[in-house]
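# Coordinate inspection notes
What follows is each chain in one-letter form.
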Amino acid sequence: MSENMMSVTEAILSRRSVRAFKPDPIPAAVLNTVLEKALWAPSGGNLQPWRLRVVTGATLKAVTQAVTAKAMAEPLGEIHEYEIYPRPLSSPYRDRRAAVGEQLYASIGVERSDAEGRAAQFLANYRAFGAPCVIFAYVRRDHGAPQWSDMGMLLQSIMLLLREQGLDSCAQESWSRYAGTINSIIPAHEDEMLFAGLAVGYRDTDAPINAFVPERAPLAEIVSFHD
């Protein structure tokens with residue numbers, strides 16, 4: 001391994017859901033390298049059940065403008081092809097989601113009562129937090145949970161390989177709520193369902209929203225060992 005190469009451990013521990021990016025473009029060769037490696041992610045039966053569309057430049061601008069306008073008119077989304085969270089969401093999962101939300105808004109000085117500030121941060125999702133690239137990930141409608149799991153492994157592989165290249169990302173399932181608008185600009189096959197978008201770019205290290213570190217449950221709460 002090169003002396004300057006980031007280890008897997010470093011990539012995992014430095015990865016964050018970045019919510020403020022620099023506008024600097026990403027060299028196409030870097031994206032190609034990351035994606036070519038990531039496509040070696042494991043998949044059951046080697047199905048490789050994924051489809052990616054990499055969006056930059058004028059097309060990304062058209063998507064973000066259209067989806068932002070749609071989100072302002074229909075904040076609950078235009079389509080709900082799958083539930084992002086279980087309903088109802090029980091503890092401790094509900095508590096973890098609430099805690100990270102409070103950390104996020106506290107980092108940018110937005111109080112719970114500040115509806116306007118919270119709405120502005122909500123819309124920032126659909127501007128990809130200023131990222132110069134979004135990778136839209138699609139699954140087939142006739143595939144099931146194992147293939148969705150494979151998609152998660154692909155996205156994790158992409159995110160860690162991006163860190164190796166000095167890049168950051170934010171996985172956003174929220175894009176799925178506006179799949180109709182996105183499909184009107186970037187046509188998808190009728191058998192494909194938009195699962196998520198991955199905002200990609202260079203982290204703005206001066207942005208307060210990128211400074212907080214979400215809490216993680218301790219090992220003993222998640223893992224049990226059986227001899």
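Structure: above.
The rules behind each value
- Residues numbered from 1 in each chain as written.
- Predicted model: local features only at pLDDT ≥ 70, side-chain atom pairs only at ≥ 80, totals over all residues.
- Heavy atoms only, no water.
- Helix = DSSP H or I, 4+ residues; strand = E, 2+ residues; numbered from the N terminus.
- Phe/Tyr/Trp six-rings, centres within 6.5 Å; stacked < 30°, edge-to-face > 60°.
- Buried < 20%, exposed > 50% of the residue type's maximum accessible area, 1.4 Å probe, protein only.
- Core = buried A, V, L, I, M, F, W, Y, C linked by side-chain atoms within 4.5 Å.
- Contact = heavy atoms within 4.5 Å.
- Disulfide = S-S within 2.5 Å.
- Salt bridge = Lys/Arg side-chain N within 4 Å of Asp/Glu carboxyl O.
- Pairing = 2+ DSSP bridges.
- Axes fitted to C-alpha atoms, helices over the stretch in contact; angles between N-to-C directions.

### Things to note about unusual backbone geometry
Each neighbour pair has its own omega, and for Arg87 with Pro88 the value is -5°, a cis peptide bond. Looking at where Pro88 falls in the secondary structure, it is placed in the loop between helix 3 (57–73) and helix 4 (93–107). Between Ser91 and Pro92 the backbone carries a cis peptide bond, its omega angle lying at 10°. With respect to the element layout, Pro92 can be found in the loop between helix 3 and helix 4.

### Let's talk about the packing of aromatic side chains
With the rule as written, the count across this model stands at seven aromatic pairs. When the ring of Tyr126 is compared with that of Trp175, the centres are 5.5 Å apart and the planes differ by 85°; the resulting orientation is edge-to-face. One end of the pair, Tyr126, is in the loop between helix 5 (115–124) and strand 2 (133–140); the other, Trp175, is in the loop between strand 3 (168–172) and helix 7 (179–185), with 49 residues separating them in the sequence. No difference in accessibility class separates Tyr126 from Trp175, as the two residues are buried.

### Details of the nonpolar core
Counting residues in each nonpolar core, the largest one holds 28 residues, and the members touching the most others are Ile135, Met151, Leu154, Ile158 and Val200. Apart from residues lying up to four places away in sequence, Val200 is in contact with Phe21, Ile26, Leu31, Ala131, Pro132, Cys133, Ile135, Leu162, Asp168 and Ser169. Judged by nonpolar contacts, the second largest core, of 24 residues, contains Val18, Val55, Ala124 and Tyr126.

### Re the side chain of Ser169
With respect to the helices and strands, Ser169 occurs in strand 3. For Ser169, the contacting residues outside a window of four places in its chain are Arg16, Ser17, Val18, Phe21, Met159, Leu162, Leu198, Ala199 and Val200.

### Things to note about the state of the cysteines
Inspection of the entire model under this criterion finds zero disulfides. The structure places no disulfide on Cys133, whose sulfur is separated from the nearest cysteine sulfur, that of Cys170, by 13 Å.

### What about the pattern of salt bridges?
Side chains bearing opposite charge may pair, as long as their charged atoms lie close to each other. One pass over the structure, following the stated rule, counts 13 salt bridges. Residue Glu221 pairs with Arg96 through a salt bridge whose shortest N-O separation is 2.7 Å. Note that Glu221 is positioned in helix 8 (residues 219–222) and Arg96 in helix 4, a separation of 125 residues in sequence. Glu221 sits in the partly exposed class, given a relative accessible area of 47%. Relative accessible area serves as the criterion here: at 35%, Arg96 is assigned to the partly exposed category.

### Here's the deal with the sheet that holds strand 2
Strand order in the open sheet formed by four strands is 1-2-4-3, and the pairing between neighbours is antiparallel. What marks the edges here is a single partner per strand, and that holds for strand 1 (51–56) and strand 3. Going across the sheet, the axis of each strand differs from the next one's by a mean of 25°, ignoring polarity. Of the pairings in the sheet, the one linking strand 2 to strand 4 (residues 192–201) comprises eight bridges and is antiparallel in character. Bridging across to strand 4, Ala137 finds its partner in Ala196. Contacts from helix 2 (residues 28–38) reach strand 1, strand 2 and strand 4, with the element oriented near 165° to strand 1.

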